[in-house]
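Topology and contacts: notes
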Amino acid sequence: MSAKRQVELPNPAPRPAEELEELRRVWAVPRGLRTLTVINNNHIGVYYVGTAFLFFIFAGLLALLMRTQLAVPENDLVGPNLYNQLFTMHGTVMMFLFAVPAVEAMGVLLLPNMLGARDLPFPRLSAYAFWAYFVGGLVFFSSIFFDLAPTGGWFMYPPLTSERYSPGINEDFWLLGIGFIEISAIAGAIEIIVGVLRTRSPGMTLDRIPIFAWALLVFAIMIVFAFPAVILATTLLELERAFKWPFFSADLGGDPLLWQHLFWFFGHPEVYIIFLPAAGMVSMIVPTMARTPLVGYRLVVLALVGTGFLSFGLWVHHMFATGIPQLSLSFFSAASMAVAIPSGIQIFAWIATFAAGRVQMKTPSLFVLGFLFTFVLGGLTGVMVAAVPFNWQAHDTYFIVAHLHYVLFGGMVFPLFAAFYYWMPYTSKNALSERVGRWVFGLIFVGFNVAFLPMHVTGLAGMPRRVYTYPAGLGWDTLNLVSTIGAYMIAAGVLLFVIDVARKFRMGSEDNAGDVWKAGTLEWLPNGIYSNRSIPIITSREPLWDQPDLAKDVEDGHYYLPGAPTGGRETLITSPVDAKPQYVLQMPYPSWDHFIAAVFTAAFFMLLTFKLVVLSVVCGVIAIGAMVTWLWSLDPGPTHPPVHIGGGIRLPVYATGPVSQSWWAMVILILVAGSIFACAIFSYLFLWTVSPDVWPSASSLPPAGYPLAAAALLVASSLCVAYSSRALARRSAVMTFVSLALAVPLMVSAFGIDMAGLFEAELSPTDSAYAAAVYLFLSLQGFYAFVVVFMACFTLARQAAGKLSSVRRVTFDNTLLFWHYTVAQTLTGLALVHGFPRLVG
Ligand code: HEM
Ligand SMILES: [Cu+2]
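The paragraphs below set out a description of the structure included in this document. (Residues numbered from 1 in each chain as written. Chains lettered and ligands numbered in written order. Predicted model: local features only at pLDDT ≥ 70, side-chain atom pairs only at ≥ 80, totals over all residues. Heavy atoms only, no water.)

1. Regarding the overall build of the chain
Inclusion rule: Numbering goes from the N terminus for both helices and strands, where a helix is a DSSP run of H or I of at least four residues and a strand is a run of E of at least two. This radius of gyration counts C-alpha atoms alone. The globule rule is 2.2 Å times how many residues there are, raised to the power 0.38. Classification of residues uses two cut-offs on accessible area relative to the type maximum, computed with a 1.4 Å probe and protein chains only: under 20% is buried, over 50% is exposed, and between them is partly exposed.
Counting secondary structure elements, the chain contains 25 helices and 4 strands. Relative to the globule expectation of 28 Å for 841 residues, the C-alpha radius of gyration of the chain, 27 Å, shows essentially globular dimensions. Principal axes of the C-alpha set define a box for the chain whose edges measure 85 × 80 × 50 Å. Taking all 841 residues of the chain together, 61% fall into the buried category.

2. Section: the coordination of the iron atom of ligand 1
Heads up, the rule is: We call an atom a donor if it is N, O or S and sits within 2.8 Å of the metal, or 3.2 Å for Na, K and Ca. Water is not counted, so some sites may look partial. For a four-donor site, all angles between 85 and 135 degrees give tetrahedral; for four or six donors, opposite pairs above 155 degrees with the remaining angles between 65 and 115 give square planar or octahedral; all remaining cases count as irregular.
At this site the iron atom of ligand 1 is bound by His90 (NE2) and His405 (NE2), with donor distances of 1.9 to 2.0 Å. For the iron atom of ligand 1, the 6 donor atoms in the first shell make angles of 89 to 180° at the metal, so the coordination geometry reads as octahedral. With histidine 90 in helix 3 (residues 80–115) and histidine 405 in helix 14 (residues 398–427), the pair connects residues that are 315 residues apart, well separated along the chain. Each member of the pair, histidine 90 together with histidine 405, is buried.

3. Section: the pattern of salt bridges
Convention followed: When a carboxyl oxygen of Asp or Glu lies within 4 Å of a side-chain nitrogen of Lys or Arg, that pair is called a salt bridge.
Counted according to the given criterion, the structure contains 15 salt bridges. As a salt-bridge pair, aspartate 578 and lysine 580 come within 3.6 Å of each other at their nearest N and O atoms. What makes aspartate 578 partly exposed here is its relative accessible area of 34%. Judged by relative accessible area, which is 48%, lysine 580 ranks as partly exposed. The structure contains a network of salt bridges with shared partners spanning Arg15, Glu19 and Arg533.

4. A closer look at the site of ligand 1
Applied cut-off: Nearness is judged by heavy atoms alone; a residue qualifies as near a molecule or strand once a single heavy atom is within 4 Å of it. N or O atoms within 3.5 Å of each other form a polar contact, as long as, within protein, one can give a hydrogen and the other can take it, and as long as residues adjacent in sequence are counted only when both atoms are side-chain atoms. Each residue receives one of three labels: charged for Asp, Glu, Lys and Arg, nonpolar for Ala, Val, Leu, Ile, Met, Phe, Trp, Tyr, Cys and Pro, and polar for the others, Gly being one of them.
In the vicinity of ligand 1, 23 residues are found, and the nearest of them are Tyr83, His90, Trp154, His405 and Arg466. The contact in question runs from an oxygen atom of ligand 1 to an N or O atom on the side chain of tyrosine 398, over 3.3 Å. Take arginine 466: an N or O atom from its main chain is 2.8 Å from an oxygen atom of ligand 1. Within the residue set of the shell around ligand 1, elements represented by two or more residues are helix 2 (41–70), helix 3 and helix 14. Class assignment of the residues belonging to the shell around ligand 1 gives a composition of 16 nonpolar, 4 polar and 3 charged.

5. Thoughts on the coordination of the copper ion (ligand 2)
Distances from the copper ion (ligand 2) to its protein donors, His268 (ND1), His317 (NE2) and His318 (NE2), fall within 1.7 to 2.0 Å. Spacing between the donor residues of the copper ion (ligand 2) along their common chain follows H-x48-H-H.

Shown next as structure tokens:
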């Protein structure tokens, strides 16, 4: 442990008792039915983790049913159709409704306290993300009870999943059903990025961020760039199924491989999206259990960032059997092996930390060891399947099922259980039982290996995955029976865990069991519903180890922001690199808006599945209405003069422009939009490379006058909007209003002209993949035009209501930013759609 360091206390004098009372009052949790409106991260976080675990159990039960069916040859417990639904739902629910939300949920629960903040910067957004996921997830899952669950496997390859081979709405359930999960994952990612970069305690420089926060930062950035690919892919497939736009139909110039590229551009990073946060948890648990700082902190951070980066270059290794060129095979094969390096660095760092300290062999340590063993095995088989010839051999066999579970269960479920045991005392009045914990670990660890180790052999013996039964006497019988027994052992372990949680878990914000492990990071400070009484200044990576009086001084309010100086919920916003205090963020209160918006967002997607278009649109409108009321209440302006936070520092309570937290959120949203658009460009060019023959000559495109006129109108709209901003700065209310209002018809008519051009050229989206791609760009243009026009009207309404000024202009600035982005994106699209074919031929 490094030398004890002393910090000059910002608020050394004793604090008045009323201050604490006020904090409690301001942050109070609503009671009764209004509990549903709660937004505190420590409550939403617990619901979130609990829901994710519920889906683990649901998907696990489906797996148990599969294993029961496969226990003996020629079993007829479930038929082929139900079996297809079982593995599709098991894979989908595990990946989308359990793994990603579970780690995101741990972030919501732990991050603010770990960073020393009162809450995440957009607490209602987390609550929205949670409820959309909760409601949407339950409805999605229940499709299995009505024989409506998707059957195309978790990666949903067309043409199997196209209208022709999968009529009915089962596949639509998948395509639309995960729409809400995409939205909620992205909402969560925005929250986490801004949270980690802007709400850290003073002193927590980049070099002192807890590894879990680093991991979540990388995780969230990966979501921003990976989820757009699946958002676009699901949209394209749904457009093909619902309106016959033939993106994936080879006879009309489409290509099913386009789906595979888009899906795996998301799907491979997805594995690391799941694994990195789990690795982050391990990096928190190991040093505490070994009572010594993590060995190689900087290398581990580098490894996290490196893995995140590399994992975007690997997607083709899921497509080795599709007949792609030799050169690509070699490249992606080598890259896949290279990703073992950063994972290896982390593994050595954990082993070295364990070796450097004196390990307490408690349940969290056991699960970490289980994780190390399992994950390393999964990594080794990973290197095997990265070798192309072996890959072809093992393709679609149980070897792959074994490999993916060693990676996913090993890389994520074991760390998560370690985390449950480790952080339980942080949220609950009691820790979990150590005695029961050993049994839970034993059953799950042994059960896992009994279930999945034999599957390697089953696969090498030739058993394909995704078969509902198999004939006797192929040498698979005993292996399968053993796997099934293992699955029941896992189930027994999970059941025991659930019983122990039911016995021991009692929500305790103020009276949690506390720092039972004697850990070094901030989440173990004494905390209440408002998180920390005051926001600490830290001097090292393990402040609780290095600053002996920290807990007491935080508790006595001797650090920053000991009360609620504006009389409301607040947290401190700090600078992204060196965490210097910048302003005091006034936080929202619980309300119904985000809850209603979430429920109706989920309803919108679900009703769309049933083709109940009218009802679905009604829900969509209600959801948007609730969002509008929600957004209306934001951007309160500088309601309060600057406040003292201690240490002679006086901070504003309002910020605009690049320093404000909402500007950051908008920029991240634009990155998401930009990634979706980049995927659309990729799709267009990809389709061109596979079938240039359906690509028309320049003559079948609308005359160049159309796109040029549209482009001119778009540029003009951007100029209007920019002028409006200058007018606002000059406090010319009329000119602000007029020029912003003028931009609206310009945007709308640009879209009208483009549409007219396509009609003039007599292009129909069902003609060919090419035409569909052209209409995709038109649809994107229309969608974004609608969004920015809506935002502009919203801003105009705010001005009319007197909620806009040269100072209070966050909503306005965000609208402008998105407007300019939309113009840039649309211009790029026009250049591609109208310029590219003219250029190449
Ligand atoms: C709880 C213990 C688990 C058991 C007993 C289990 C069992 C199975 C089995 C037997 C299959 C293969 C079905 C087939 O190909 O016919 C399968 C597929 C799969 N499992 Fe698991 N699994 C478990 C946990 C998990 C976890 C934790 C994850 C992810 C986080 C996961 C993700 C998947 C995926 C993605 C597939 C592929 C689905 C597809 O082929 O479309 N599983 N599982
Ligand atoms: Cu992969």
